[in-house]
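The lines below spell out each chain.
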Amino acid sequence: MALGTFTVAAEEDNSQKAKEKSVERIAVVGTRSAPRSVDDSPVPIDLIGAEELERSGNTDMLELVKGTVPSLNVHTNPISDAASLVRPANLRGLSADSTLILVNGKRRHRSSVIALLGGGINDGAQGPDISVIPSAALKQIEVLRDGAAAQYGSDAIAGVMNFVLKDDSEGGSLTVRHGSYYEGDGDTTEINGNIGMELSRDGFANLSFQYKNADATNRSVQRPDAQSMIDAGNTNVSELAQIWGSPEINDDITIFGNFGLDLGKGREAYMFGNYSERSVRGGFYFRNPQLRGGVFSNDGGETLLIADLDGLNNGVECPTVNITTDNVLDQADYGLIADPNTPVGQNCFAFNEMVPGGFTPNFGGTVIDTAITMGTRGEITDTLSYDISGSVGRNESSYVIYNTVNASLGPDTPRDFSPGQHIQLEKFLNIDLVKELDVGLYSPLIIAGGYEYHQETFEVIAGDVESFTAGPLTDQGFGIGSNGFPGFKPSAAGEFSRQNYALYVDIEAQYTDRFLMGYALRYEDYSTFGDTTNYKVTAQFDVTDDFSLRGSISSGFRAPTVGQANYANVQTNLDGGVLVDSALLPPSNPVATQLGATELTPEESQSVAFGAVWTIDEFHFTLDYYNIEVTDRVSQSAKYNLSETDKAKLKADGVPNVDSIQQVSFFTNDFDTTTEGLDFIANYSTDLLDGSSVFSLAYNWNETTVDEYTAVTGDGKVSRLENDLPNHRATFTWAQNWDDFNMFTRVNYFGEFQGVHVDWVGSPEEPGTEINADAEVTVDVELTYHATEDLSVSVGAQNIFDVYPSELAFEEQTGSPNNSWGGKYYETSPFGFNGGFYYLKATYKF
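Computed from a prediction, not measured in an experiment: that's the story for all the values here. (Residues numbered from 1 in each chain as written. Predicted model: local features only at pLDDT ≥ 70, side-chain atom pairs only at ≥ 80, totals over all residues. Heavy atoms only, no water.)

S.K.: Quick question: what am I supposed to make of the state of the cysteines here?
M.R.: Tallied over the full model, the rule gives one disulfide. The disulfide that involves Cys318 links it to Cys348, with 2.1 Å between the sulfurs. Residues Cys318 and Cys348 are joined by a disulfide whose S-S torsion is about -100°; by sign, that bridge is left-handed. Here Cys318 is found in the loop between β13 (307-308) and α6 (332-338), whereas its partner Cys348 is found in strand β14 (residues 348-349), with 30 residues between them in sequence. (Disulfide = S-S within 2.5 Å. Helix = DSSP H or I, 4+ residues; strand = E, 2+ residues; numbered from the N terminus.)

Here it is, written out as structure tokens:
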């Protein structure tokens, strides 16, 4: 069912209180003043208005919502493969694809990016790309903090986020914003605007745009191995061989349109959609010129990997070069093969001749996101309403890896590659009906019912030939494909589709002026794994005019995505501090099956929640407890070391670069979790300091326990699921308004969390990089001066006191020197690792 498309008025002879309690059937759509949580809903809903979005001082939609909803966590993702292109977010500690995203109440399509390095919690997640939605386009954001699969279908285990677009038919705004981190990097410039126009006399056309560029950041120190080579005289090694920081974002443009036309007789037509595009480029792991397997050495740095260009046992033979120093370039035996004037030098090749200081690939790509929804809604009779709509959404990720090699091609290798594309295409058809029945209750009984059809296609497009081809040096031990991200072979390309349809019924009954209950039942049938039926029951009881109790109980599910069921890839990651190539295999692959993989099935959930809403004079409080049990959760398995037999099977199956692959993993339903938590929200309004003030406190306690798992999941994954996110988060805001000035201050509290670096979590017998990182407090401030009625200028700072997370210091745990991989801070920090950011902003409204 579409969210919030119909409002049902109370009967004229009902009391004013009953009229005020008329609610939109699933969530409120439309402007609602403070408090943020909707009182008349039996489940908690946060409303984030356009004004709050404007003064938050951020340009990324994920960060905007995180700053307001403490139960939402978003990580900065350095060196995270495709997760650098589309950042995953976690509501109530569940994976990014456990939160349903809607725009104007209609289901949003997924991103084409599968987060293979998703920080444990999001490993393998494939959720929508929220960052394409510009704040300038929004009237408000609604965050339903409750399981809602019985109303909306798959993905709503943690809750629902609905982005409501502006629908003004006049006026507009233009904003220019520029900022930089205190460190002097990450310069960000953004221009956004919105304009409302009449669409004939009976309609509106509201258009919004955003254009943004952001430089990369750098929070790194030199790697010890790189410094050792520099100290030994290798001047070709970069001063910072490996960069940990936020990626560079170029030409990030998005255009949103929202259109409506009154057709008369209580009917209207509507259409909305977007075009968005951005290019991202981020860091990757350093390839040590004396250690990296498949390129420089295949025996851990004992001997140099040398190519015999005229073939083994043919013509000039190549000598063995034992690596005996930290600078092999100065060794006489290396000099023999590096000399182009001798037969040995002309026939024998080492990649040290091409990249004598090693190399550090950059990974990135271009994301193009488009969507359009068209529909009509209105009244058939005074008591029967309809909403019929169709939607198409498409997300395309074209990957690029720079400054690397296909080692099997030897000296003929390109340095930049296009390893392929992913495309996610989704189509929806919705038919929703809402009927009012007078059955003698306090107000009419509301019965909603409907049908939804959904088609989902995940497409893999092969990369350029050089990114996957096995060159002439393959049989000499040189790695195949673009190092770090081998291209998708034609045998792995193709389209993978499924269809599903759903039928639902949703009832709300206002039994008395104080007692409301809701009932929902949804049946859904998938072409791949079968059907599922889910329910939800909600209730709210007004104990007094100022105090009410509410609660819900529901079942839910999340269908594994088509991408998760069919995707294959080779990625580079660290295992126990060692750089290895790891293959992700479809669960149907024979090697994956041998290791325990089975066909993916839906995740299933049971949720219970209850809470209270209380108003005392100018104080407003909400308190809600939730408990979410999820069984058969889908995630990426632990990584298994390959045997020679396994490699032979992979070669037969067409997997690239098999000889250099050390590990494999696959998607699996392999663990059960229980997530429980508490949300507390308090608001207070008063006159203060010759102006008006609004104070808000939002607190979330969230804790996830892995109830059952097997070796397929692994102890490290369990630790990350349970400990990476802080159990306690809170925000306190103070909004102060005067005639010519506004001030907005937000204090953010982040509780203790598990600090992890390079995805290395150990065990009691062999600890990794994990620590119990300290709790921190950050402060955001913005001051706005209204120069005229239309023009305002703002200056502000996020993390104004320049707070950083715990610094890396894990020599005692791992036995390795501090900062072995060049980082300065634990990458799992819930508030990032870039420090303070200041900005200047000007807004013109007309």
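S.K.: What's the story with the environment of Glu239 in this structure? I'm lost.
M.R.: Looking at the element boundaries, Glu239 is found in the loop between α5 (224-231) and β11 (248-264). Separated by 18 residues in the primary sequence, Glu239 and Val221 place their C-alpha atoms 8.9 Å from one another.

S.K.: Explain the pairing of strand β4 (residues 99-103) to me, please; I cannot follow it from the model alone.
M.R.: Within a regular strand, side chains alternate between the sheet's two faces. In terms of burial, β4 is a largely internal element, five of the five residues being buried. With burial as the criterion, each face of β4 is covered, one bearing Thr99, Ile101 and Val103 and the other bearing Leu100 and Leu102. In the sheet, β4 pairs with strand β7 (residues 159-165) via five bridges, with the strands oriented parallel. Considered in β7, the bridge of Leu100 is made with Val160. Pairing of β4 with strand β5 (residues 106-107) involves two bridges; the strand directions are antiparallel. Pairing of Val103 across the sheet is with Lys106, part of β5. (Buried < 20%, exposed > 50% of the residue type's maximum accessible area, 1.4 Å probe, protein only. Pairing = 2+ DSSP bridges.)

S.K.: Please explain unusual backbone geometry as it appears in this structure.
M.R.: The bulk of non-glycine residues show a negative phi, and the bulk of peptide bonds are trans. Residue Asp251 is not a glycine yet carries a positive backbone phi of 50°. Positionally, Asp251 belongs in strand β11. Using a relative accessible area of 44% as the deciding quantity, one classes Asp251 as partly exposed. For Asp802, which is not glycine, the phi torsion reads 55° and is therefore positive. With respect to the helices, strands and loops of the structure, Asp802 is situated in the loop between β35 (791-798) and α13 (811-814).

S.K.: Any chance you could explain the sheet that holds β7 here in plain terms?
M.R.: Taken in spatial order, the five strands line up as β1-β6-β7-β4-β5 in an open sheet, and their pairing is mixed. Because the sheet does not close on itself, it has two edges, and the strands there are β1 (45-49) and β5.

S.K.: Quick question: what am I supposed to make of the pattern of salt bridges here?
M.R.: In a structure, side chains of opposite charge can pair up when their charged atoms sit close to one another. All chains considered together, the criterion is met by 28 salt bridges. A salt bridge links Glu54 to Lys845, with the nearest nitrogen and oxygen atoms 3.4 Å apart. Residue Glu54 is found in helix α2 (residues 50-55), and its partner Lys845 is found in strand β36 (residues 837-845); the two are separated by 791 residues along the sequence. For Lys845, a relative accessible area of 39% puts it in the partly exposed group. For the salt bridge of Arg522 with Glu452, the shortest nitrogen-to-oxygen distance reads 3.1 Å. Here Arg522 is found in strand β20 (residues 515-526), whereas its partner Glu452 is found in strand β18 (residues 445-462), with 70 residues between them in sequence. The two residues Arg522 and Glu452 agree in class, both being buried. Several salt bridges converge on common partners, so that one network encompasses Arg107, Arg110, Asp155, Glu456 and Arg498. (Salt bridge = Lys/Arg side-chain N within 4 Å of Asp/Glu carboxyl O.)

S.K.: Just to check I follow, could you spell out the side chain of Glu827 for this structure?
M.R.: Assignment of secondary structure puts Glu827 in the loop between α13 and β36. Buried charge Glu827 goes without a salt bridge, the closest partner of opposite sign being Arg720 at 6.2 Å. Apart from the residues within four sequence positions on either side, Glu827 is in contact with Thr76, Pro78, Trp244, Val756, His757, Val758, Asp759 and Phe833. (Lys, Arg positive; Asp, Glu negative; His and termini not counted. Contact = heavy atoms within 4.5 Å.)

S.K.: Would you take a moment to explain a negative patch on the surface for this structure?
M.R.: A cluster of acidic residues, Asp546, Asp617, Glu618 and Asp687, forms a negative patch at the surface. Here Asp617 shows up in the loop between β25 (603-616) and β26 (619-636). Residue classification places Asp617 among the exposed positions, given a relative accessible area of 71%. (Patch = residues over 30% accessible without salt bridge, like charges linked within 9 Å, V, L, I, M, F, W, Y side chains within 5 Å. Areas by Shrake-Rupley, 256 points an atom, 1.4 Å probe, with all protein chains shown as cover. Charge placed at Lys NZ, Arg CZ, Asp CG, Glu CD.)

S.K.: Help me understand the confidence of the model for the protein chain, please; the structure alone is not making it clear to me.
M.R.: Regions with low pLDDT carry predicted coordinates that are not meant to be interpreted in detail. When pLDDT is averaged across the protein chain, the result is 88; 91% of the residues are at 70 or more. The secondary structure element of the protein chain with the lowest average pLDDT is helix α1 (residues 16-20), at 37, and the one with the highest is strand β10 (residues 203-214), at 97. Low pLDDT, under 50, characterises residues 1-37; the stretch is placed with 109 contacts to residues that sit more than four places away or in other chains. (pLDDT = per-residue confidence, 0-100.)

S.K.: Even after reading the chapter, I still don't get the environment of Val795, so can you show me in this structure?
M.R.: In this fold, Val795 is placed in strand β35. A sequence separation of 47 residues divides Val795 from Ala842, and the C-alpha atoms of the two residues are 8.8 Å apart. Beyond its immediate stretch of four places on either side in the chain, Val795 contacts Val781, Glu782, Leu783, Tyr839 and Leu840.

S.K.: How do you make sense of the nonpolar core when you look at a structure like this?
M.R.: A general tendency of soluble globular proteins is for nonpolar side chains to be buried together. Counting 33 residues, the largest nonpolar core has Met61, Val65, Leu138, Ile141 and Phe163 as its most contacted members. If you list the elements that add at least two residues to this core, you get α3 (61-66), β2 (72-74), β3 (89-91), β4, β6 (138-144), β7, β12 (267-282) and β26. Once residues lying within four places of it in the same chain are set aside, the contact partners of Val65 are Ile48, Leu72, Ile141 and Met161. By size, the runner-up hydrophobic cluster in this structure holds 28 residues, among which are Val86, Tyr285, Leu584 and Phe667. (Core = buried A, V, L, I, M, F, W, Y, C linked by side-chain atoms within 4.5 Å.)

S.K.: Please explain the pairing of strand β34 (residues 776-786) as it appears in this structure.
M.R.: Here ten bridges tie strand β31 (residues 741-750) to β34, and the two strands are oriented antiparallel to one another. By the bridge assignment, Thr745 is partnered in β34 with Val781. Both β34 and β35 contribute to a ladder of six bridges, which runs antiparallel. Its bridge partner being in β35, Val781 is matched across the sheet by Ala797. Where β34 folds back onto β35 in an antiparallel hairpin, the turn is made up of four residues.

S.K.: Just checking my understanding: could you explain the side chain of Gln290 for this structure?
M.R.: Tracing the backbone through its elements, the reader meets Gln290 in the loop between β12 and β13. Overall, Gln290 belongs to the buried group, its relative accessible area being 8%. Looking at Gln290, its side chain comes within polar contact range of the main-chain oxygen of Thr325, at 3.2 Å. (Polar contact = N/O pair within 3.5 Å; in protein donor to acceptor, adjacent residues only side chain to side chain.)

S.K.: Explain the packing of aromatic side chains to me, please; I cannot follow it from the model alone.
M.R.: Describing an aromatic ring pair means giving the distance of the ring centres and the angle of the ring planes. Taken as a whole, this structure holds 35 aromatic pairs when the rule is applied. Their ring planes at 65° and their centres at 5.9 Å tell us that Phe485 and Phe488 sit as a pair that is edge-to-face. An aromatic cluster is present here, built from Trp244, Phe284, Tyr285, Phe363, Tyr399, Phe458, Phe485, Phe488 and Tyr567 joined pairwise through their rings. Cation over ring: Arg281 sits above Tyr402, and NZ or CZ is 3.8 Å from the ring centre. (Phe/Tyr/Trp six-rings, centres within 6.5 Å; stacked < 30°, edge-to-face > 60°. Lys NZ or Arg CZ within 6 Å of the ring centre and 35° of its normal.)

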